[in-house]
Amino acid sequence: MQNAAILPERSPEAGEVEFTSAREAIRAFLCRTAGKAAAITDAACCGLALEALGGSRAVTVVFERDALPLFALPEVGAAIAVGGGATLRACRFFAEIMHIPCLLLPVGAALDGVAEEAGEIVLDGELRTVPLKRGETVFDKTLLSEGLAAAESRLLLTRLALFETQMLVRFGLRSADAASERLYAALLEEGEDLPSLVKKNFAARTCEAEGMPCGEGIFLSRMLGGVLPEYSAFITLLSLYKTFFSEGALRRYTVPDYRRRARDAGVPYGDLCIPTPQELMRREEVFLGMRGEALCLLSCVERAHAHFLRRHRPKTTIKPIGGLPERSGGLSALIRDFGLLEFA
C-alpha cells in the first residue's frame, strides 16, 4: 500500500503542548491524505469519537483488545485513533505496518500511548512488544477532561517513580539520567488546572519514551486492576516506602525465601538479582546515611497527594504487593533483600 500523505506528519516536541479542536484537526489531517481513513476507537470512547469525526470520510472501527482484526480493514490511506493508551498503541502499530500516517487524539490527560517508540499490544491473542508509528498528537480539552482522577493518579505515580529512581541511584543500583532531572523540573512548575496536568503528563510520557524508568508503581497498578488502580498502587507504595525509610532496618539473620517468592511471582529464579552479604552491608551503610533525605523527598510527594485529595476522594485501601519485587526489580526488591517483606 502506498503512503498517501501529501504533507509530512507533525508531532509536538518534548514539553510542547498546544490545544486545539479535535474536529478541526481531523479535517486538516484528512486534507493532507487521500482515500479512506480508518478511525480506531474503543467502546468507552465511541461517542466522543463519533462527535469528533463529525461525519468525515473515515471508517469507524471499535477496537476490542486484539489488534489483528484491524488488518482485515479495506485499503485505507490514513489512521486516526480516539481513545486510551491501548487504542492509541493499536492504531500506531497498524499505521507502522501499513506505512500510513496516523493522527492521535488521546482521551484522558494521562496520555498513555502517545510517545513511546515501542509498546505492548495484544496480537492474535498474544501480548507482544511491537514498533509504533510516530504520529501527530492532538490535544483537545474536551477529550482530555475525561477521567481526571486517573490522570492525576498517574502523575502521582510518576512523582513516586522519580523518588524510586533517586533512591536506587543513591544505592548504586541505577545510573542517573538527564530525562529524570528534566522531568523533576517540569513537575515543580505551578498549576493544577487541566492544561498544567496535560503538560506535566506529556513531559512524563516523553521522558519515559527516552528511557526514564516508569517506576514499579506501573507494574503494581497492572497487577491490581479494578477501579483507579493507579491510585491504589500509589498509596500502597507510598506507605511501603515511608515505613521503610522511617522504621526499616536490615534483618541480619533473615534470608528471604527467594525460590518461593520467584515461584509465587511466576518468574524464573535465575532472573533474580540476589545480593551477597557484603553487598547487603554496603547497602545498610548507605541506607543509614540517607534516611533523612529520603523522608524529606517523600514529604514532597505527600504534599502533592494532599493537593490531589482536595479535588478527589477515591475509595480505596492499601493492597498487598505480592510478587511485585520479583517482577519489577525496583525499590521494593531492595526492601525485600533487607528481609522486610517475608510476611507481605
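Throughout, residues of each chain are indexed from 1 in the direction in which the sequence is written. Thresholds applied to this predicted model are a pLDDT of at least 70 for local features of residues and 80 or more for the giving and counting of side-chain atom pairs; totals over whole chains, interfaces and linings are not thresholded and use all residues. Just so you know, side-chain values use all the structure's heavy atoms and leave hydrogens and water out.

A. Highlighting helix α5 (residues 148-170). Here α5 is 23 residues long and its end C-alpha atoms lie 33 Å apart, about the 33 Å a rise of 1.5 Å per residue gives. Looking one or two residues past α5, glycine 172 carries a phi angle of roughly 80°, positive in sign. Only DSSP runs of H or I reaching four residues or more are called helices, and only runs of E reaching two or more are called strands; each is numbered from the N terminus. Given the number of residues in a helix, its expected span is that number minus one, multiplied by 1.5 Å.

B. Structural view of the pairing of strand β6 (residues 126-131). Think of it this way: DSSP has to see at least two bridges between two strands before they count as a pair. In this structure, strand β5 (residues 118-123) lies alongside β6, joined through six bridges in antiparallel fashion. In the sheet register, alanine 118 faces β6, and the bridge partner there is proline 131.

C. Representation of the packing of helix α9 (residues 229-247) against helix α11 (residues 277-311) in the model. Geometry is summarised by axes, namely lines fitted to C-alpha atoms with helices restricted to the contacting stretch, and by angles between N-to-C directions that run from 0 to 180 degrees. Contact geometry for α9 and α11: axes closest at 9 Å, N-to-C directions at 150°. With respect to their mutual orientation, α9 and α11 come out roughly antiparallel. The chirality of how α9 crosses α11 is left-handed. In this structure, α9 uses Tyr231, Phe234, Ile235, Leu238, Tyr241, Lys242, Phe244, Phe245, Ser246 and Glu247 to contact α11, whose residues at the interface are Phe287, Met290, Arg291, Ala294, Leu295, Leu298, Val301, Glu302, His305, Phe308 and Leu309. In this classification, the charged set is Asp, Glu, Lys and Arg, the nonpolar set is Ala, Val, Leu, Ile, Met, Phe, Trp, Tyr, Cys and Pro, and all remaining amino acids, among them Gly, are polar. By residue class, the composition of the contact of α9 with α11 is 15 nonpolar, two polar and four charged. Should an angle fall under 35 degrees it is called roughly parallel, over 145 degrees roughly antiparallel, and 65 to 115 degrees roughly perpendicular, with every other angle called oblique. In this scheme the handedness of a crossing depends on how the near helix is turned from the far one: anticlockwise by less than a right angle means left-handed, clockwise means right-handed. Note on definitions: a residue-residue contact is assigned when non-hydrogen atoms from the two residues lie within 4.5 Å.

D. Highlighting the environment of arginine 261. For arginine 261, the location among the structural elements is in helix α10 (residues 258-265). In this structure, the C-alpha to C-alpha distance between arginine 261 and glycine 322, residues 61 residues apart in sequence, is 8.8 Å. For arginine 261, the residues in contact, after removing those within four places along its chain, are Gly322, Pro325, Glu326, Arg336, Leu341 and Glu342. A polar atom in the side chain of arginine 261 sits 3.1 Å from the backbone oxygen of leucine 341. We call two N or O atoms a polar contact when they sit within 3.5 Å, provided that within protein one can donate a hydrogen and the other can accept it, with sequence-adjacent residues counted only if both atoms are side-chain atoms.

E. The nonpolar core, seen in detail. The criterion is simple. A nonpolar core is a set of buried Ala, Val, Leu, Ile, Met, Phe, Trp, Tyr and Cys residues joined through side-chain atoms within 4.5 Å. Note on exposure labels: buried denotes an accessible area under 20% of the residue type's maximum, exposed denotes more than 50%, and partly exposed covers the range between, all computed with a 1.4 Å probe on protein chains only. The biggest cluster of nonpolar side chains holds 44 residues, and the ones touching the most others in it are Ala67, Leu70, Phe94, Leu111, Phe139, Leu183 and Val198. Setting aside residues up to four positions removed in sequence, leucine 183 forms contacts with Thr158, Leu162, Lys200, Ala203, Ala204, Cys207 and Met212. Counting residues in each nonpolar core, the second largest holds 38 residues, with Leu156, Tyr231, Ile235 and Leu324 among its members.

F. Representation of the pattern of salt bridges. Salt bridge, as applied in this entry: a Lys or Arg side-chain nitrogen positioned within 4 Å of an Asp or Glu carboxyl oxygen. Summed over the entire model, instances satisfying the criterion amount to 22 salt bridges. For the salt bridge of arginine 205 with glutamate 208, the shortest nitrogen-to-oxygen distance reads 3.0 Å. Note that arginine 205 and glutamate 208 are positioned in helix α7 (residues 194-209) at a spacing of three residues, about one turn of the helix. Accessibility classification places arginine 205 together with glutamate 208 in one group, the buried group. Ionic pairing is found between glutamate 342 and arginine 260, a salt bridge with its closest N-O pair at 3.7 Å. Separated by 82 residues along the polypeptide, glutamate 342 in the segment after α13 (331-337) and arginine 260 in helix α10 bring together distant segments of the chain.

G. Just the packing of aromatic side chains, in detail. Any two of the Phe, Tyr and Trp rings considered here, Trp counted by its six-membered ring, make a pair once their centres fall within 6.5 Å; the pair's planes then place it as stacked at under 30 degrees, edge-to-face at over 60, or tilted in between. For the coordinates displayed, the defined rule picks out 13 aromatic pairs. Centre to centre, the rings of phenylalanine 71 and phenylalanine 94 are 5.3 Å apart; their planes meet at 65°, and the pair counts as edge-to-face. One end of the pair, phenylalanine 71, is in the loop between β2 (58-63) and β3 (78-83); the other, phenylalanine 94, is in helix α3 (residues 85-98), with 23 residues separating them in the sequence. Look at phenylalanine 94 and you get buried, because its relative accessible area is 2%. A cation over an aromatic ring shows up here: lysine 141 above the ring of phenylalanine 19, its NZ or CZ 5.2 Å from the ring centre. Any Lys NZ or Arg CZ found within 6 Å of a ring centre and within 35 degrees of that ring's normal is scored as a charge over the ring. Arginine 259 extends its terminal NZ or CZ atom over the ring of tyrosine 269, reaching a point 4.0 Å from the ring centre.

What is shown is where atoms sit, not what they do.
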